[in-house]
Amino acid sequence: MTDEVDSAPIRTAWSVITGPPSAGKTTIIEALAARGHRVVPETARAHIADLGHTPAEIAADPALQARIQHGIAERQRQVEQALDPREPLVLDRALPDSIAYFEQLALGTDHLFAGARWRYRRVFFLEGLALEADGLRFEDAGLARAIGASILDAYTQLGYTPVRIPTFRRKDVGNAVAARLSIILSGPP
């Protein structure tokens, strides 16, 4: 096989839920799973949890942040390579999300753009909610917004037009989640 064939885009039946830290992605993923959709949990959260560092340790050490991001990108690549591109499923973040995190750390991203072989069926960008500490997040509100803008830009540079999902700020979280799900579940599967 030639390199050209090996690097040809692979169209998938996958949808991606993305957005800045604390956008409600996990809540939406869990709601989709409860409705019977096959979902792939966020690789980054699992990777960071496995390392055992506190948010303060991560925030204080840019070299550690860089190692973490390289590990997340490799782990995400392995996850996506193991999936059947024909199977409809929903990913909580995808490889292009790593581009934003690499850019925030001034790390090279050429290999990530070159490695973006999978073509996702749909990309949904959840607008950010108030930043909540969860034992893994180390970002502050400003960094979370910057990461969100970089994520949106990364998908756009890769030729996607992400569907933007508003926050639906309401007292009743259940209604806000239902409104977001309504947008995600409308349209072609």
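Before going into details, it helps to say that this report is about the structure given with it. Owing to the predicted nature of the structure, the values given are computational and were not obtained by experimental measurement.

1. Considering the overall build of the chain
Secondary structure summary: the chain contains nine helices and seven strands in total. Taking all contacts inside the chain whose residues are at least 6 apart in sequence as the whole, residues at least 24 apart take part in 78%. Approximately 9600 Å² of the chain is accessible, and the part contributed by carbon and sulfur atoms is 55%.

2. A look at the packing of aromatic side chains
Inspection of every chain in the model, using the stated rule, returns three aromatic pairs. Here Tyr155 and Tyr160 contribute two aromatic rings whose centre-to-centre distance is 5.8 Å and whose plane-to-plane angle is 70°, an arrangement assigned as edge-to-face. One exposure class covers both Tyr155 and Tyr160, and it is buried. Ring pairing ties together the aromatic residues Trp14, Tyr120, Tyr155 and Tyr160, which thus form one cluster. In this arrangement the basic side chain of Arg119 is found over the ring face of Tyr160, its NZ or CZ atom lying 4.0 Å from the centre.

3. Looking at the pairing of strand 6 (residues 122-126)
The buried fraction of strand 6 amounts to five of the five residues, a majority that puts the element mostly inside the structure. Side chains Arg122, Phe124 and Leu126 of strand 6 all project onto a buried face; the interleaved residues Val123 and Phe125 project onto the opposite face, where all are buried too. Relative to strand 6, strand 2 (residues 14-18) runs parallel, the two sharing four bridges. In the sheet register, Ser15 faces strand 6, and the bridge partner there is Arg122. Inspection of the sheet shows strand 6 paired to strand 7 (residues 163-165) by three bridges, in the parallel sense. When the bridges of strand 7 are listed, Leu126 appears paired with Ile165.

4. Quick look at the side chain of Arg93
Within the secondary structure, Arg93 sits in the loop between strand 4 (89-92) and helix 6 (95-104). Only 3.0 Å separates the side chain of Arg93 from the side chain of Glu42, close enough to count as a polar contact. A distance of 2.6 Å separates the side chain of Arg93 from the side chain of Asp97, its partner in a polar contact.

5. As for the packing of helix 5 (residues 62-82) against helix 6
Relative to each other, helix 5 and helix 6 sit at 170°, their axes nearing to 9 Å. Considered as vectors, helix 5 and helix 6 are oriented roughly antiparallel to each other. In this structure, helix 5 contributes Gln69, His70, Ile72, Ala73, Gln76, Arg77 and Glu80 to the contact, and helix 6 contributes Leu95, Ser98, Tyr101 and Phe102. Of the residues belonging to the contact of helix 5 with helix 6, the class tally is five nonpolar, four polar and two charged.

6. Details of the pattern of salt bridges
Counted according to the given criterion, the structure contains seven salt bridges. For the salt bridge of Glu42 with Arg93, the shortest nitrogen-to-oxygen distance reads 3.0 Å. Here Glu42 is found in the loop between strand 3 (39-40) and helix 3 (43-51), whereas its partner Arg93 is found in the loop between strand 4 and helix 6, with 51 residues between them in sequence. A single burial state applies to Glu42 and to Arg93, both of which are buried.

7. With respect to the sheet that holds strand 7
Across the sheet, five strands lie side by side as 3-4-2-6-7; this open sheet has parallel pairing. Looking at the sheet topology across the chains shown, the edges are occupied by strand 3 and strand 7. Helix 2 (residues 25-34) rests against strand 2, strand 3, strand 4 and strand 6 of the sheet, and its axis sits at about 160° to strand 4.

8. Quick look at the side chain of Ser150
Looking at where Ser150 falls in the secondary structure, it is placed in helix 8 (residues 141-157). A polar atom in the side chain of Ser150 sits 3.1 Å from the side chain of Gln104. Setting aside anything within four residues of it in sequence, one finds Ser150 in contact with Ala100, Glu103 and Gln104.

About the cut-offs
- Residues numbered from 1 in each chain as written.
- Predicted model: local features only at pLDDT ≥ 70, side-chain atom pairs only at ≥ 80, totals over all residues.
- Heavy atoms only, no water.
- Helix = DSSP H or I, 4+ residues; strand = E, 2+ residues; numbered from the N terminus.
- Contact = heavy atoms within 4.5 Å.
- Areas by Shrake-Rupley, 256 points an atom, 1.4 Å probe, with all protein chains shown as cover.
- Phe/Tyr/Trp six-rings, centres within 6.5 Å; stacked < 30°, edge-to-face > 60°.
- Buried < 20%, exposed > 50% of the residue type's maximum accessible area, 1.4 Å probe, protein only.
- Lys NZ or Arg CZ within 6 Å of the ring centre and 35° of its normal.
- Pairing = 2+ DSSP bridges.
- Polar contact = N/O pair within 3.5 Å; in protein donor to acceptor, adjacent residues only side chain to side chain.
- Axes fitted to C-alpha atoms, helices over the stretch in contact; angles between N-to-C directions.
- Parallel < 35°, antiparallel > 145°, perpendicular 65-115°, else oblique.
- Nonpolar A, V, L, I, M, F, W, Y, C, P; charged D, E, K, R; others polar.
- Salt bridge = Lys/Arg side-chain N within 4 Å of Asp/Glu carboxyl O.

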